[in-house]
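# Structure at a glance
Spelled out, the chains give:
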Amino acid sequence: FKQLAVSLGHMVKLTELDIASNNLKEKDALEIAKHIGNCVLLKTLEAESNEFGAKGVEALGQSLKNCVKMRELNLGENGAGDRGALKIAEAIKCMPNLTQ
């Protein structure tokens, strides 16, 4: 999975990513977070029903601030906790087109 996450850094034209229900863990979310910020055209991220935990969701929230074209974002059922939820809330402020 690490190779996929690393390749995100080179997918600058990626508009949709569905990694939902893949039994991904915190370490996977941290790896994704390192690279997904380069996907500035990303409009849809389906990443629900994994096991990212608070640290993983927090890291994703920080990186997703660069994804200003985001329209659909689903990180539910990942054990985000308060810290993760706050980071996602901060990221959402940078996503004026977000509808879901």
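The structure we're discussing is the one just above.
Below: a short report on this structure.

Looking at the element boundaries, Asn-23 is found in the loop between β1 (16-18) and α2 (26-35). Between the C-alpha atoms of Asn-23 and Asn-78, which are 55 residues apart in sequence, the distance is 10.0 Å. Aside from chain neighbours lying at most four places away, what touches Asn-23 is Asn-50 and Glu-51.

Take the nonpolar core next. Generally speaking, nonpolar side chains in soluble globular proteins are found buried as a group. Ile-36, Leu-42, Leu-45, Phe-52, Leu-60 and Leu-64 are the most contacted members of the largest nonpolar core, which has 26 residues in total. Those elements giving two or more residues to this core turn out to be α1 (2-8), α2, α3 (53-63) and α4 (81-92). If you tally residues by element for this core, the top one is α2, at three residues. Residue contacts for Phe-52: discarding those within four places in its chain leaves Ile-19, Leu-24, Lys-25, Glu-26, Ala-29, Ala-47, Val-57, Leu-60, Leu-75 and Asn-78.

Parameters and conventions
Residues numbered from 1 in each chain as written. Predicted model: local features only at pLDDT ≥ 70, side-chain atom pairs only at ≥ 80, totals over all residues. Heavy atoms only, no water. Helix = DSSP H or I, 4+ residues; strand = E, 2+ residues; numbered from the N terminus. Contact = heavy atoms within 4.5 Å. Core = buried A, V, L, I, M, F, W, Y, C linked by side-chain atoms within 4.5 Å. Buried < 20%, exposed > 50% of the residue type's maximum accessible area, 1.4 Å probe, protein only.

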